[in-house]
Amino acid sequence: MSKKNVAVIPGDGIGPEVIGATLKVLEKVAPNTFEFHEVAMGGNAIDKYGEPLPAESLKICQNAEATLLGAVGGPKWDNQPPEKRPERGLLGVRSGLEVFANIRPAKIFAPLASACPLRKDIAEKGIDFIIVRELTGGIYFGKHEAFKTPEGERAARDVMEYSEHEIRRIAHVAFKMAMGRRKIVTSIDKANILTSSRLWREIVEEVAKEYPEVKLNHLYVDNASMQLIRVPSEFDVIVTENTFGDILSDEASQIIGSIGMIPSASLGEGNRGLYEPIHGSAPDIAGQNKANPIGTILCGAMMLRYSFNMNAEADKIENAVDEVLKAGLRTPDIYTEGTKLITGSQMRDEIISRL
Ligand code: IPM
Ligand code: MG
């Protein structure tokens, strides 16, 4: 039987550590199933090839059934011109793979309840929502421009643009997801100010008519950022544009305890997916064996589920993560008094030993 083709982008900072852990987990849960093709993207690609996303790297990802990505970026490349920053490589992979729907689950793991900074009575109601973030449109992909005003002052603009089909397809992803859950969609926008948000709202309402069982709410993004902290248990599926989703998913990560815990799946029309944790490259702790590999390991589980339909193996990984947390083992980011502090590689091995 031919092996499944997976492109792997370790990236920069802690990226290689958390990816290394994940490949070991995948090999254990499904031996001899995958052929991993490692590719350069991000700061490491800039150093080696002079550009963040060499054409060959993108081609390997496009030919793969799934791409696993660690994280990219770091202070070393902060002064690169915009076109040559590591993050540009990341946006290039997302758009090159046409993965417009970024799914970011935020779920409180029961053993981590004490790491949740919210009041106990709020956390106890349970937190389990999914952010469906539009990933290949909006301001991150609009025109970016630095210019001089007629008076000679420095100015800059970034354009936020959405077309109907971009909103429609992401809305469908959210409603379909809600049908398999608690059937509530919250669409987040800034329709009191932004024209692109008014279009967003209009299209989401049109799509909602095809899902009469799903309850649709709308929230302005500023209000949503409050409600996520005030009543997180009330959210089921959140659908929002690229930038709002970027910001709100970082907020979500703190609500559930750590940004090191959240995986994400980016999907397009078919089964091909891009899987990356929502955290960054954390250069401050890179190479110190402190990084929590769980977010990326859970990406491996999402990949098994969404790209390869290997649900039993995905369950095994998620259960092993649960077991490790129940056993009180913690990397520094999720450590609280009374639990046992371990390194990133110990976390990896503890998860593998429970598979
Ligand atoms: C994320 C990250 C990226 C994004 C950055 C690194 C470009 O913050 O995946 O959330 O904004 O999408
Ligand atoms: Mg982000």
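Reading the values: the criteria
- Residues numbered from 1 in each chain as written.
- Chains lettered and ligands numbered in written order.
- Predicted model: local features only at pLDDT ≥ 70, side-chain atom pairs only at ≥ 80, totals over all residues.
- Heavy atoms only, no water.
- Buried < 20%, exposed > 50% of the residue type's maximum accessible area, 1.4 Å probe, protein only.
- Helix = DSSP H or I, 4+ residues; strand = E, 2+ residues; numbered from the N terminus.
- Polar contact = N/O pair within 3.5 Å; in protein donor to acceptor, adjacent residues only side chain to side chain.
- Contact = heavy atoms within 4.5 Å.
- 1 Å grid on protein atoms, 1.4 Å probe; cavity = no way out; pocket = protein on both sides within 12 Å on 5 of 7 lines; lining within 4 Å.
- Points joined across faces, edges and corners; volume = space filled by probe spheres on them.
- Nonpolar A, V, L, I, M, F, W, Y, C, P; charged D, E, K, R; others polar.
- Pairing = 2+ DSSP bridges.

Caption draft 1: How the structure looks around helix α4 (residues 86-96). Summarising burial for α4: 8 of the 11 residues are buried, a large majority. Positive phi appears at Glu98, one or two residues downstream of α4, with a value of about 55 degrees.

Caption draft 2: Highlighting the side chain of Ser264. Structurally, the position occupied by Ser264 is in the loop between α9 (242-255) and β11 (265-267). A distance of 3.1 Å separates polar atoms of two side chains, one belonging to Ser264 and the other to Asn102. Here the side chain of Ser264 touches Glu276 through a polar contact of 2.8 Å, landing on its backbone oxygen. Excluding residues that lie within four positions of it along the chain, Ser264 makes contacts with Asn102, Ile103, Arg104, Leu274, Tyr275, Glu276, Pro277, Ile278, Cys299 and Met302.

Caption draft 3: Structural view of the layout of surface pockets. Its volume calculated, the largest pocket comes out at about 560 Å³. Along its surface, the largest pocket is lined by 23 residues, and Pro105, Lys107, Met302, Arg305 and Glu318 are the ones closest to its centre. Where the lining of the largest pocket is concerned, the elements lending two or more residues are β4 (101-107), β5 (128-134), α10 (294-306) and α11 (311-326). Tallied by class, the residues present in the lining of the largest pocket amount to 15 nonpolar, 1 polar and 7 charged. In this structure, the second largest pocket encloses a volume near 440 Å³.

Caption draft 4: Quick look at the pairing of β4. Buried residues dominate β4, accounting for 5 of its 7 residues. As defined by bridge partners, β4 adjoins β5 across 7 bridges and the pair is classed as antiparallel. Counterpart to Pro105 in the pairing with β5 is Ile130. For β4 and β11, the ladder comprises 3 bridges, and the chain directions are antiparallel. By the bridge assignment for β11, Asn102 is matched with Ser266.

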